[in-house]
Amino acid sequence: VSQSRYAGIPVDRVGMAAYREEVIKEVEGIEAEFFAEFEDAILGVRQVLLDKANAKRKKKMLTELPRFNPGSGDHLEMLCVGQLGIEPKVRTKPTKRFPKGKASFRAADLHQWGKVGKLLAREESAYL
């Protein structure tokens with residue numbers, strides 16, 4: 001009853017919904033651990049983001065700290081390189097805008113970020 005067919009393949013909709021909820025809880029747990037572990041450093045990144053946003057404004061200044069996005073390479077680079085002082089061993093291909101390349105946060109390169117990389121790798125594996 002809970003199964004249906006999609007392109008000839010039986011799909012257990014109830015089982016898939018339960019699995020989805022399980023994965024969401026696991027990802028939320030990893031995210032909570034990440035934010036708790038690096039709370040002070042993330043606060044520093046959020047302050048840098050606020051300062052950058054206010055530097056572009058002329059009149060009404062923002063006061064609320066922007067949200068930290070662990071899916072953003074720029075935010076992760078500010079956290080790992082700027083706040084935690086970890087130098088990247090692997091960088092992306094150099095461009096005109098970034099002659100040295102940017103720090104790489106691909107799954108294969110997460111080992112270079114220590115505990116941050118381990119938490120990010122666990123979060124990524126939760127999606128698989």
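Use the structure listed above.
Throughout what follows, the structure given in this document is the object of discussion. Just so it is clear, the model here is predicted, and its values are computed rather than measured.

Further remarks concern the overall build of the protein chain. Broken down by element type, the protein chain carries 4 helices and 2 strands. Taken from the N to the C terminus, the helices and strands of the protein chain come in the order β-β-α-α-α-α. A sequence separation of at least 24 residues applies to 48% of the contacts in the protein chain between residues at least 6 apart.

Looking now at the nonpolar core. Counting 18 residues, the largest nonpolar core has Phe34, Phe68, Leu79, Phe105, Trp113, Val116 and Leu120 as its most contacted members. Of all the secondary-structure elements, those providing two or more residues to this core are helix 2 (39-55), helix 3 (73-83) and helix 4 (114-127). Residue contacts for leucine 120: discarding those within four places in its chain leaves Phe34, Pro70, Leu76, Phe105 and Leu110.

Because the α-helix completes a turn every 3.6 residues, residues three or four places apart line up on one side. End to end, helix 1 (residues 13-37) covers 36 Å across 25 residues, agreeing with the expected 36 Å (1.5 Å per residue, within 8%). Those residues of helix 1 that sit buried are Val23, Val27, Ile30 and Phe34.

Now for the packing of aromatic side chains. All chains considered together, the criterion is met by 5 aromatic pairs. Residues phenylalanine 34 and phenylalanine 38 carry aromatic rings whose centres are separated by 5.6 Å and whose planes lie at 55 degrees to one another, so their mutual orientation is tilted. Residue class for phenylalanine 34 comes out buried when judged on its relative accessible area of 2%. Phenylalanine 38 gets classed as buried once you look at its relative accessible area, which sits at 10%. Ring centres 4.7 Å apart and planes at 10 degrees place the aromatic pair phenylalanine 105 and tryptophan 113 in the stacked group. The class of tryptophan 113 is buried, set by a relative accessible area of 1%. Clustering of aromatic rings is evident, with ring pairs tying together Phe34, Phe35, Phe38 and Phe68. Between the NZ or CZ atom of lysine 102 and the centre of the ring of phenylalanine 98, over which it lies, the distance is 4.7 Å.

About the cut-offs
- Residues numbered from 1 in each chain as written.
- Predicted model: local features only at pLDDT ≥ 70, side-chain atom pairs only at ≥ 80, totals over all residues.
- Heavy atoms only, no water.
- Helix = DSSP H or I, 4+ residues; strand = E, 2+ residues; numbered from the N terminus.
- Contact = heavy atoms within 4.5 Å.
- Core = buried A, V, L, I, M, F, W, Y, C linked by side-chain atoms within 4.5 Å.
- Buried < 20%, exposed > 50% of the residue type's maximum accessible area, 1.4 Å probe, protein only.
- Expected span 1.5 Å × (residues − 1).
- Phe/Tyr/Trp six-rings, centres within 6.5 Å; stacked < 30°, edge-to-face > 60°.
- Lys NZ or Arg CZ within 6 Å of the ring centre and 35° of its normal.

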